[in-house]
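Spelled out, the chains give:
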Amino acid sequence: MEPTDANRRAFDALHRRLHRPAAGLPPIVKATLGDLKKKRVLHLHAGSGGASAELAEHGAVVTSLEPSEEALEYAREQWPTILWIHGEPQALPAELRRGRFDLVYSPEGTVWQLDDLEAWAAGLAAALRPGGELLVYETHPVALCVDGLQRWHSDYFADGFWRLGRIANVIVRAGFRLEALEEYPGERRVPGTFLLYAVRA
């Protein structure tokens, strides 16, 4: 079984049971972003565009990537000043891999939909200029292993599961300097999350 099979099934089951990821920027991300004026931001897995619009409202020049044509159609109608590109986060189109972005934001739900973690991290490095920033905000992998009553139903250390350490190591090996890795507990019926901040070497 590929790592993505176990992770994707667990993520889908968790979010069917609890909630869909919020359309806008999570409060933790807003508090972390800092000044975005005139920064070139690549937003992965942008969905129907709410978070991309918030990034633009904070002064960023936003390029948004989304694999769903339906979501892109809606987003283009709502926010025509943002550049919307059809594509997969683990296989960035060539025009996005030119080292010109100041920030890449990878939101909740992105990592657990990947088939190839290494390809995703390599694409992030190719998209960012040297010194560019990476912000990953994601459901904590432990949350994928427990049910609503906090009972374990999967083995976090089993083969075929992407643990937090592996995610961080893949990003470092792709050419990033890890600056911060924070873990946040969930609240009632909301899973825990983590936030990873790294800088392109």
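Procedures and definitions
Residues numbered from 1 in each chain as written. Predicted model: local features only at pLDDT ≥ 70, side-chain atom pairs only at ≥ 80, totals over all residues. Heavy atoms only, no water. Helix = DSSP H or I, 4+ residues; strand = E, 2+ residues; numbered from the N terminus. Buried < 20%, exposed > 50% of the residue type's maximum accessible area, 1.4 Å probe, protein only. Pairing = 2+ DSSP bridges. Axes fitted to C-alpha atoms, helices over the stretch in contact; angles between N-to-C directions. Contact = heavy atoms within 4.5 Å. Core = buried A, V, L, I, M, F, W, Y, C linked by side-chain atoms within 4.5 Å. Right-handed = clockwise from strand over helix to strand, strands pointing away. pLDDT = per-residue confidence, 0-100. Patch = residues over 30% accessible without salt bridge, like charges linked within 9 Å, V, L, I, M, F, W, Y side chains within 5 Å. Areas by Shrake-Rupley, 256 points an atom, 1.4 Å probe, with all protein chains shown as cover. Salt bridge = Lys/Arg side-chain N within 4 Å of Asp/Glu carboxyl O.

A short note on the overall build of the protein chain
Assigned secondary structure in the protein chain consists of 6 helices and 7 strands. Out of the 201 residues in the protein chain, the part that is buried amounts to 49%.

Structural notes on unusual backbone geometry
Of note, the phi angle at K38 is positive, near 65°, even though the residue is not glycine. In this model, H45 sits at a positive phi of 50°, which is unusual for a non-glycine residue. Relative to the helices and strands, H45 resides in the loop between β1 (40-43) and α3 (50-57).

Concerning the sheet that holds strand β5 (residues 128-139)
Strand order across the open sheet formed by 7 strands is β3-β2-β1-β4-β5-β7-β6, with mixed pairing between neighbours. Of all strands in the sheet, those bounded by a partner on one side alone are β3 (83-86) and β6 (176-184). When strand polarity is set aside, the average angle formed by the axes of neighbouring strands in this sheet is 15°. As judged from the 7 bridges shared by β5 and strand β7 (residues 193-200), these two strands associate in the antiparallel manner. Within the sheet, the bridge partner assigned to L134 lies in β7 and is A198. Where helix α4 (residues 69-78) meets the sheet, it contacts β2 (61-66) and β3, and its direction lies at approximately 170° from that of β3.

As for the side chain of H140
Checked against the element boundaries, H140 lands in the loop between β5 and α6 (164-173). Apart from the residues lying within four places of it in its own chain, the contact partners of H140 are W112, L164, E183, G192, T193 and F194.

Concerning the nonpolar core
By size, the foremost hydrophobic cluster in this structure holds 34 residues, and its most contacted members are W120, L134 and I171. The greatest single-element share of this core, amounting to 6 residues, is contributed by helix α5 (residues 117-127). Counting residues in each nonpolar core, the second largest holds 19 residues, with V29, L36, V62 and A75 among its members.

Considerations on α5
Within the sequence span of α5, burial applies to L117, W120, A121, G123, L124, A125 and A127. Packed against the buried residues of α5 are β1, β4 (101-106), β5, α6, β6 and β7.

Here we look at the pairing of β1
Sheet analysis places β1 next to β2, joined by 4 bridges and oriented parallel. For L42, the partnering residue across the bridge sits in β2 and is T63. One crossover worth recording links β1 to the parallel β2 by way of α3, and it is right-handed. In this structure, β1 lies alongside β4, joined through 3 bridges in parallel fashion. Residue pairing for β4: V41 is matched across the bridge by L103.

As for the confidence of the model for the protein chain
For the protein chain, per-residue confidence averages 89 on the pLDDT scale, and residues scoring 70 or more make up 88% of the total. Contacts of residues 16-22 to residues separated by more than four positions or lying in other chains number 15 contacts, the stretch itself having pLDDT below 50.

Here's the deal with a nonpolar patch on the surface
A surface patch of nonpolar side chains, about 200 Å² in accessible area, is lined by V172, L178 and L181. Of note, L178 is situated in strand β6. Under the relative-accessibility criterion, L178 is labelled partly exposed at 36%.

A few points about the side chain of E54
Residue placement: E54 occurs in helix α3. When sequence neighbours within four positions are dropped, the list of residues in contact with E54 reads G24, L25 and K30.

Points about the environment of G87
Mapped onto the secondary structure, G87 falls in the loop between β3 and β4. On the basis of relative accessible area, G87 is assigned to the buried category, the value being 10%. As for G87 and S68, which are separated by 19 residues in sequence, their C-alpha atoms are 8.2 Å apart. What G87 contacts, discounting residues up to four positions off in sequence, is L65, E66 and P67.

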